[in-house]
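Listed here are the chains, written in short residue letters.
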Protein chains: 2
Amino acid sequence: MTKAHEGNLPAVTEEMSQRFDAWQEAGFDAANCPVRDVLDRVGDKWSVLILTALAEEPKRFSALNRAVGDISKRMLTQTLRTLQRDGLVDRTVYPTTPPTVDYRLTELGHSVLEPLSALIAWAETRHDDIRAARNAFDEDEAVAA
Amino acid sequence: MTKAHEGNLPAVTEEMSQRFDAWQEAGFDAANCPVRDVLDRVGDKWSVLILTALAEEPKRFSALNRAVGDISKRMLTQTLRTLQRDGLVDRTVYPTTPPTVDYRLTELGHSVLEPLSALIAWAETRHDDIRAARNAFDEDEAVAA
DNA sequence: CGGCATCCATGATGATACTG
DNA sequence: CAGTATCATCATGGATGCCG
């Protein structure tokens, strides 16, 4: 019954349970939850990619479009607007013809790279484990059927 | 033009741009992207909440149902299945009548709490900034209209 | 170049009822 | 208790075409 993780990560475990208890007591209003707010942006299809693309230097709309790859102009515009609205990205228009617009991370946008980078690193180092678990699960399922 | 964030977080910035370059070179297959895999789970409506609820101790289905709050049995089942499939959660059935089932984090599940906790902490400390940015943005929009 | 408006397909989520 | 099955709904995202 005892798994390999008994007592391995007490600090974070403690942290998370306390957070959960706090949410419980506060009633946990999902509509106004900071975590949900952030995860909505982190969880959508393009935000993380755009944030990453802007990490090094500001980029223009069309440069972003090329950099991100197969994103449509519609989604690029929409995602950038949301990131801008949330204060993660700054939009600058230069009154040239044709118009020139560039996007850059704000201080807030830069600061989110830190926790985000940790999550991405976890994803990359642990992805093999996820894939293995997935294959095992699907095989068991196939046997059961 | 120079913002307050010039040269503030060089390490993470560097990390992220290198990651982005690596993705570019590799062709960035979105269908088989580790980050996308993780974000899909982190970004959905219930996974983080369930992971958090299971941080301290294993819980039974109905206990989870109560703990998480307004989740439907349907979504609880579905989310738990996915978490189990990805190897983050372990499901144990005790052959009693009526049936007893409990869910607990695997080592992999525990390990993701670390980067996740950092992201949640960021969300909670920076949420005021996000809200402020959002209000400012919406006001400007209202003025323009 | 940097968008916006429109339409549409898909998947995610919710409500409800039923079951071993 | 711990689900499954079915249907309805809604948000997300893609395709296309137009504009200053």
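K.L.:
Just to check I follow, could you spell out the packing of helix H6 (residues 107-144) of chain A against helix H6 (residues 107-144) of chain B for this structure?
P.N.:
Helix-helix packing: each pair is described by the crossing angle between the helix axes and the interaxial distance. Their axes nearest at 10 Å, the elements H6 of chain A and H6 of chain B cross at an angle of 165°. In terms of orientation, H6 of chain A and H6 of chain B fall into the roughly antiparallel class. With respect to the hand of their crossing, H6 of chain A and H6 of chain B are arranged in left-handed fashion. Here Glu107, Leu108, Ser111, Val112, Pro115, Leu116, Ala118, Leu119, Trp122, Arg126, Asp129 and Ile130 of chain A of H6 of chain A lie close against H6 of chain B, whose contacting residues are Glu107, Leu108, Ser111, Val112, Pro115, Leu116, Ala118, Leu119, Trp122, Arg126, Asp129 and Ile130 of chain B. Among the residues forming the contact of H6 of chain A with H6 of chain B, the class breakdown is 16 nonpolar, two polar and six charged.

K.L.:
Would you mind going over the sheet that holds strand S3 (residues 100-105) of chain B with me for this structure?
P.N.:
The strands making up a sheet are joined through hydrogen bonds of the backbone, oriented either antiparallel or parallel. Residues and elements named next belong to chain B. Read across the open sheet, the three strands follow the order S1-S3-S2; overall the sheet is antiparallel. The open sheet is flanked by strand S1 (59-60) and strand S2 (89-94), the only strands paired with a single partner. Pairing of S2 with S3 involves six bridges; the strand directions are antiparallel. By the bridge assignment, aspartate 90 is partnered in S3 with arginine 104. Across the sheet, helix H5 (residues 73-85) touches S2 and S3, and the angle it forms with S2 is around 115°.

K.L.:
Would you explain the pattern of salt bridges in this entry?
P.N.:
Here the idea is simple: oppositely charged side chains can pair when their charged atoms come close. Taken as a whole and assessed by the stated rule, the structure comprises 18 salt bridges over all chains. Between arginine 19 of chain A and glutamate 124 of chain B there is a salt bridge, and its shortest N-O distance comes to 3.8 Å. With arginine 19 of chain A in helix H1 (residues 10-26) and glutamate 124 of chain B in helix H6, this pair bridges two chains. For arginine 19 of chain A, a relative accessible area of 11% translates into the label buried.

Analysis parameters
Residues numbered from 1 in each chain as written. Chains lettered and ligands numbered in written order. Predicted model: local features only at pLDDT ≥ 70, side-chain atom pairs only at ≥ 80, totals over all residues. Heavy atoms only, no water. Axes fitted to C-alpha atoms, helices over the stretch in contact; angles between N-to-C directions. Helix = DSSP H or I, 4+ residues; strand = E, 2+ residues; numbered from the N terminus. Parallel < 35°, antiparallel > 145°, perpendicular 65-115°, else oblique. Left-handed = near helix turned anticlockwise from the far one by under 90°. Contact = heavy atoms within 4.5 Å. Nonpolar A, V, L, I, M, F, W, Y, C, P; charged D, E, K, R; others polar. Pairing = 2+ DSSP bridges. Salt bridge = Lys/Arg side-chain N within 4 Å of Asp/Glu carboxyl O. Buried < 20%, exposed > 50% of the residue type's maximum accessible area, 1.4 Å probe, protein only.

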